[in-house]
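# Reading the structure
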Amino acid sequence: MKPLHVLINNAGIFSMGEPQKFSRDGYETHLQVNHLAPALLSVLLLPSLQRGAPSRIVNVNSLMNVVGFVDPNDMNFFSGKRKFTSLRAYSGSKLAQVMFTSILARNIPQGIDVLCVEPGSVRTNVARDLSKVVQIAYQCMPSFLFDAQQGSRSALFAAIDPDIPKFCGKLKAEKLAVCAYFSYSCRPVKPAKAAYNEKTSDLVWEKTLDMVGLPSDAVEKLLEGKEIHCRYGSSL
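### A short note on the overall build of the protein
A tally of regular secondary structure across the protein gives 9 helices and 4 strands. Helices (α) and strands (β) of the protein occur, in sequence order from the N terminus, as β-α-α-β-α-β-α-α-α-α-β-α-α. For the protein, the proportion of contacts with a sequence separation of at least 24, taken over those separated by at least 6, is 71%. Surface exposure of the protein reaches about 12400 Å², of which carbon and sulfur atoms provide 57%.

What follows is the structure in structure tokens.
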């Protein structure tokens, strides 16, 4: 693999008011797009990021993580313990991403920084697959939404600011429970209180690796240059 200096995981969905849907892999769609897919990509690209060090992984998250709840044993809303809503699925997927990012930051060596950013409310085509009524309502709120350029500010800041490694290194040295997190104004903020639950974060980490078809020691093996087997492709 060629050296990689920056990975920005920006893809995401919020199917506002829509019923529960599942991907071809059998996972709830918010969970797969917002959390599982970027988690898998980040882990598989670790060798390239290691070769490109100093390097960074920037996960575009959401302020909605603060109202999220994650049950590591029911991330798909299968059990019926919690009623599915698109808001619960979206906010839960964003909280899961923060938790996974925090454990990843703990498990990777110096030289690769991983953090989350919150872009604010941005006017994009996120509502393109929803009803016409929702699309019209969404487009009628321009004064409350950032444009794409404004919405990209925090991600670009996290990708290029020269002080990011120092900040991430400080958090790692202090062994804080959560990863670095920056707001849409490019200032460090705290994510949801639930993200500080290290026991739950460890379970989300383990469950995520299992769901994307990676062995529990995938990160260690990849960084050591060893071969692993991934459910979604050939040996790496």
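### Quick notes on empty space enclosed by the protein
Applying the stated criterion across every chain yields a total of 2 cavities of 30 Å³ or more. Its boundaries defined by the atoms lining it, the largest cavity holds a volume of some 90 Å³. What lines the largest cavity is a set of 14 residues, and nearest its centre among them are Leu31, Met75, Phe77, Gly92 and Ser93. Per-element tally for the lining of the largest cavity: the top contributor is helix H3 (residues 86-107), with 5 residues. Considering only enclosed or pocket space, the second largest cavity measures out at about 50 Å³ in volume. Every residue along the wall of the second largest cavity is listed here: His35, Pro38, Ala39, Ser42, Asn59, Gln97, Phe100, Thr101 and Leu104. Counting residues per element, the ones that place at least two in the lining of the second largest cavity are helix H1 (29-44) and H3. Split into classes, the residues belonging to the lining of the second largest cavity amount to 4 nonpolar, 5 polar and no charged.

### A short note on the layout of surface pockets
Of the volumes computed, that of the second largest pocket is approximately 290 Å³. Surrounding the second largest pocket, 20 residues form its lining, Ala105, Arg106, Leu171, Lys172 and Leu176 being those nearest its centre. Where the lining of the second largest pocket is concerned, the elements lending two or more residues are H3, strand S3 (112-117) and helix H7 (164-173). The element contributing the most residues to the lining of the second largest pocket is H7, with 4 residues. Its residues assigned to classes, the lining of the second largest pocket comprises 12 nonpolar, 3 polar and 5 charged.

Quick notes on the rules
Residues numbered from 1 in each chain as written. Predicted model: local features only at pLDDT ≥ 70, side-chain atom pairs only at ≥ 80, totals over all residues. Heavy atoms only, no water. Helix = DSSP H or I, 4+ residues; strand = E, 2+ residues; numbered from the N terminus. Contact = heavy atoms within 4.5 Å. Areas by Shrake-Rupley, 256 points an atom, 1.4 Å probe, with all protein chains shown as cover. 1 Å grid on protein atoms, 1.4 Å probe; cavity = no way out; pocket = protein on both sides within 12 Å on 5 of 7 lines; lining within 4 Å. Points joined across faces, edges and corners; volume = space filled by probe spheres on them. Nonpolar A, V, L, I, M, F, W, Y, C, P; charged D, E, K, R; others polar.

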